[in-house]
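Analysis of the macromolecular model
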Amino acid sequence: MIWMHSCRRVAALLSQSLDEPLGRLDLLRVRVHLSMCGNCRNVEQQMLTMKALWADLFSSGDLSEGDDARATTTDGPARPTD
Amino acid sequence: MTLFQRQAADGAAATLPAPDRPATGPSLEAQLPALRQRLMRHARFAVHDHSLAEDLVQDTLIAVMEQHVRRRGDASLVTWATAILKNKVADWYRSPLRKRVVQLDAENDQLEQGADPLYDASGAYVDPVPAWQQPENREEQRQMMTVLDRCVSSLPTQTGRVFMMREWLGFEPAEICERAAISPENCRTILHRARTSLRVCMQRNWIDAKGRT
């Protein structure tokens, strides 16, 4: 089966869609491709998972579990109080 | 009690204590070392340069000391200080004197080698891409964050900067192009390669590693 976009191209467009709106045609092609391709759906899911994670990682200030901060986690909330 | 602590105590007494700084809580100075460590992690991510990160954190801590007494609102000290650091980093990126020309050729090659075996000649995935399990509990999420944290740190310097301008500072692509003196096409490519290499890094060091245990 010949898909309208390759997986390689879809991955680039998925990334681009996190930064700017896609053109109408590209958006359609991506949707059609995703409807047929489990790999690319999983890539999309992985990218969204990471996006949510680093929103947490970067915004909350709760970056405390790494090697050089292990002993310093007694202050501050574990989660932002929202 | 130093003069500064007395001022801080006076200031705290004059305002309603925020939930995270009860009147009996640790003094600001006692919290500074831990705060500094946290900020350093953010700053190193953001600029991928240790001594520059030191400078930015130093500036931030000075601002924290100066403004702490007048601070209002419920944000925790860490959240508040992180916001100040973010402004310092954004200022650094925006400063015309410090405009950085992004040198990407070598980095692109490096990332390209990481990403290329993903696809065959027709641009389809060589290996199946698995669905990721969501972290099951707080501890798993913490571990996942730690892995992601390492993966972001391992991005090549300039790629990491472009990525952080976008994902941490929230710059629009147009501003990134201007600050880093790159074309929109180049910017898209860099962000895409950064995300791909993070995805692959997470797969290898989180998902696959978890499967082995």
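Residues numbered from 1 in each chain as written. Chains lettered and ligands numbered in written order. Predicted model: local features only at pLDDT ≥ 70, side-chain atom pairs only at ≥ 80, totals over all residues. Heavy atoms only, no water.

1. A short note on the overall build of chain B
Assigned secondary structure in chain B consists of 9 helices and 0 strands. Buried residues in chain B amount to 48% of all 213 residues. Accessible area for chain B stands at about 10900 Å²; split by element, carbon and sulfur atoms hold 51% of it. (Helix = DSSP H or I, 4+ residues; strand = E, 2+ residues; numbered from the N terminus. Buried < 20%, exposed > 50% of the residue type's maximum accessible area, 1.4 Å probe, protein only. Areas by Shrake-Rupley, 256 points an atom, 1.4 Å probe, with all protein chains shown as cover.)

2. Points about the nonpolar core
Of all hydrophobic cores here, the largest spans 58 residues; its most connected members are Leu35, Val47, Val89 and Met202 of chain B. For this core, the elements supplying multiple residues, two or more each, are α3 (38-59) of chain A together with α2 (28-47), α3 (50-67), α4 (77-94), α6 (138-153), α7 (157-167), α8 (173-180) and α9 (184-212) of chain B. For this core, the element with the most residues is α4 of chain B, which contributes 10 residues. Apart from residues lying up to four places away in sequence, Val47 of chain B is in contact with Leu52, Ala53, Leu56, Val89, Trp92, Tyr93 and Arg161 of chain B. Core analysis: the second largest hydrophobic core is formed by 16 residues, Ala11, Leu14 and Cys37 of chain A together with Val129 of chain B among them. (Core = buried A, V, L, I, M, F, W, Y, C linked by side-chain atoms within 4.5 Å. Contact = heavy atoms within 4.5 Å.)

3. What to know about the state of the cysteines
Residues and elements named next belong to chain B. The final tally for this structure, using the stated rule, is 1 disulfide over all chains. A disulfide bridge connects Cys151 with Cys201, and the sulfur atoms are separated by 2.1 Å. Residues Cys151 and Cys201 are joined by a disulfide whose S-S torsion is about -80°; by sign, that bridge is left-handed. With Cys151 in helix α6 and Cys201 in helix α9, the pair connects residues that are 50 residues apart, well separated along the chain. Per residue, the accessibility class of Cys151 equals that of Cys201, and both read buried. Looking at Cys177, it has no disulfide partner, and the nearest cysteine sulfur is the one in Cys187, 4.3 Å off. On the basis of relative accessible area, Cys177 is assigned to the buried category, the value being 11%. (Disulfide = S-S within 2.5 Å.)

4. Thoughts on the interface of chain B and chain A
The interface of chain B with chain A comprises 51 residues on the first partner and 41 residues on the second. Buried surface at the junction of chain B and chain A, summed over both partners, amounts to about 4300 Å²; 55% is from carbon and sulfur atoms. On inspection of chain B and its partner chain A, the count reaches 4 salt bridges. Ionic pairing is found between Lys51 of chain A and Glu167 of chain B, a salt bridge with its closest N-O pair at 3.1 Å. (Buried area = accessible area lost by both parts, 1.4 Å probe. Salt bridge = Lys/Arg side-chain N within 4 Å of Asp/Glu carboxyl O.)

5. Details of the packing of aromatic side chains
Residues and elements named next belong to chain B. Considering all chains together, one arrives at 3 aromatic pairs over all chains under this definition. Consider the rings of Tyr119 and Tyr125, whose centres lie 5.0 Å apart with planes at 40°: the pair is tilted. The same class applies to Tyr119 as to Tyr125, namely buried. (Phe/Tyr/Trp six-rings, centres within 6.5 Å; stacked < 30°, edge-to-face > 60°.)

6. A word on the confidence of the model for chain B
All names here are of chain B. Confidence in the prediction of chain B, expressed as mean pLDDT, is 80, and 77% of residues score 70 or more. Note on residues 6-19: pLDDT is under 50 here. Beyond four places in sequence and across chains, it has 11 contacts. Two numbers describe this predicted complex: its pTM, 0.71, and its ipTM, 0.72. (pLDDT = per-residue confidence, 0-100.)

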